[in-house]
Amino acid sequence: MIQMAEIKLSDKEIAAATEVLRSGGLRQGKECEAFEHEFSQKVGSKFALTNSSGTAALQLAYSTFLEKGDEVLIPSFSFIATASMVSLSGGTPIFCDINPQSFLMCLKDAEKKITAKTKAIGPVHLFGNACDVDEVIAFAKLHKLKIVWDAAQAHGARYKGKDIGSFGDFVCYSFYPSKNMFVGEGGMTCCGLEHDFEKMRDFRSHGQTGKYYHTSIGLNARMTDVEAAIGREQLKRLDCMLEVRRRNAEIYNQAFEKLEGLTPQKKSSNVEHAYHLYCVAIDENLFGCDRDTLASMLHESGVLTGIHYPRGLHQQPVYQEKYGITSLPITEWISQNILALPIHHGISQKDASHIIDSVFRIHERVKRKQ
Ligand SMILES: Cc1ncc(COP(=O)(O)O)c(C=O)c1O
């Protein structure tokens, strides 16, 4: 069965983790510091702070400025943490619709939702597809908003030749095992200002500024040195892993170009996509069957697929209960019709060919039945 992720550590990663384990350095220490330094160098950000998850990475960013009642514009088509960390920080997520081709936040819709309470925008580089960074920065400047980029899925994505980690105000990564690079549970928040870095560093560790001396309220959102040691090694092979993802995407793009009813996520020409996921939208009328039927037929051909995400965040029970039922038509259509095909660094060209052949065979079969 072809899986959706390859979660295997290399010998070097295992050796690095073992060395830390042998040393007894189980908590946050020198490895975390080194990982922060190397990660910030790699993405071109002034500061980087290790933490315990992509969720914590977002929470740390919001903790530096968000106040009760502040509103944050976010795309409704994302993972729950994009919204819930705004809520947990006392703010209100304002759900915006997406572009039907790029599946990224629609700034035109966001503009309609600006109020006197809008404090920030939280765009998501979804599936590794970078947002139009210049447009978002101009939008934020015009409306005097902070930007918290959710880059949980976008390690290595580039915009106009620059790594997406180099654009302020905050860039938040996850190292969860299915991601482009992984350490177990872990996250990183990049930022451009020392003041924000220091605030997040304190918040990460109970606001402790001296031994049992606490000057603010915080949590324990630290990474361990074992994870950081794995992360440092992963960082060295990130480019190779991305190369395979990009090669596979190219193979899919070429094959699917003329396939009716199956439309891959669109990236702009300014963007080097990091292909955490390769997602396509299935138009049932043109393709010949719906997304769920295609997924189960692919399963029969030995190909696992994923649905990211089956509903918009505004449709999650927790938010419908809070804010009532609202409608974001593009998010809702995409969530009903999107399908992710395996693209990770463990997918060989032979696997990619098998996946393509399977999709075409299914298409022909269902079309013949129509
Ligand atoms: C877009 C997005 N944001 C945030 C997160 C949270 O990351 P983590 O699972 O490491 O907490 C994820 C993880 O899936 C994600 O996909």
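Fair warning: this is a prediction, and the values are worked out from it, not measured in the lab.

Criteria and thresholds
Residues numbered from 1 in each chain as written. Predicted model: local features only at pLDDT ≥ 70, side-chain atom pairs only at ≥ 80, totals over all residues. Heavy atoms only, no water. Helix = DSSP H or I, 4+ residues; strand = E, 2+ residues; numbered from the N terminus. Rg over C-alpha atoms; globule rule 2.2 N^0.38 Å. Buried < 20%, exposed > 50% of the residue type's maximum accessible area, 1.4 Å probe, protein only. Contact = heavy atoms within 4.5 Å. Areas by Shrake-Rupley, 256 points an atom, 1.4 Å probe, with all protein chains shown as cover. Axes fitted to C-alpha atoms, helices over the stretch in contact; angles between N-to-C directions. Parallel < 35°, antiparallel > 145°, perpendicular 65-115°, else oblique. Left-handed = near helix turned anticlockwise from the far one by under 90°. Nonpolar A, V, L, I, M, F, W, Y, C, P; charged D, E, K, R; others polar. Domains from an automatic or database assignment. Buried area = accessible area lost by both parts, 1.4 Å probe. Salt bridge = Lys/Arg side-chain N within 4 Å of Asp/Glu carboxyl O.

What about the overall build of the chain?
In terms of regular secondary structure, the chain is built from 13 helices and 15 strands. The globule rule puts the C-alpha radius of gyration for 370 residues at 21 Å, and the 21 Å found for the chain is close to it. Seen through its principal axes, the chain has C-alpha atoms that stretch 70 × 55 × 35 Å. With 370 residues in all, the chain has 52% of them scored as buried. The contacts of the chain with a sequence gap of at least 6 include a subset with a gap of at least 24, amounting to 71%. Accessible surface computed for the chain: about 16,900 Å², of which carbon and sulfur atoms make up 51%.

Quick word on the packing of helix H8 (residues 225–256) against helix H13 (residues 349–369)
Pairs of packed helices are described in terms of their axes, by the angle between the two and the distance that separates them. Running from amino to carboxyl end, H8 crosses H13 at an angle of 25 degrees, the nearest separation of the two axes being 10 Å. With respect to their mutual orientation, H8 and H13 come out roughly parallel. Taken as a pair, H8 and H13 cross one another with a handedness that is right-handed. In this structure, H8 contributes Arg247, Asn248, Ile251, Tyr252, Ala255 and Phe256 to the contact, and H13 contributes Gln349, Ala352, Ile355, Ile356, Val359 and Phe360. Residue composition of the contact of H8 with H13, grouped by class: nine nonpolar, two polar and one charged.

Considering the domain arrangement of the chain
When its domains are assigned, the chain resolves into domain 1 (11–234) and domain 2 (239–369). Computed over C-alpha atoms only, the centres of domain 1 and domain 2 are separated by 26 Å. Counting residues at the interface gives 45 residues for domain 1 and 35 residues for domain 2. Around 3,200 Å² of area is buried between domain 1 and domain 2 when both sides are counted, 61% of it from carbon and sulfur atoms. Considering only the surface of domain 1 that becomes buried against domain 2, Phe77, Phe127 and Asn180 emerge as the three largest contributors, covering 21% of it. Linking domain 1 with domain 2 are two salt bridges. For Asp239, the salt bridge identified is with Lys42, shortest N-O distance 2.7 Å.

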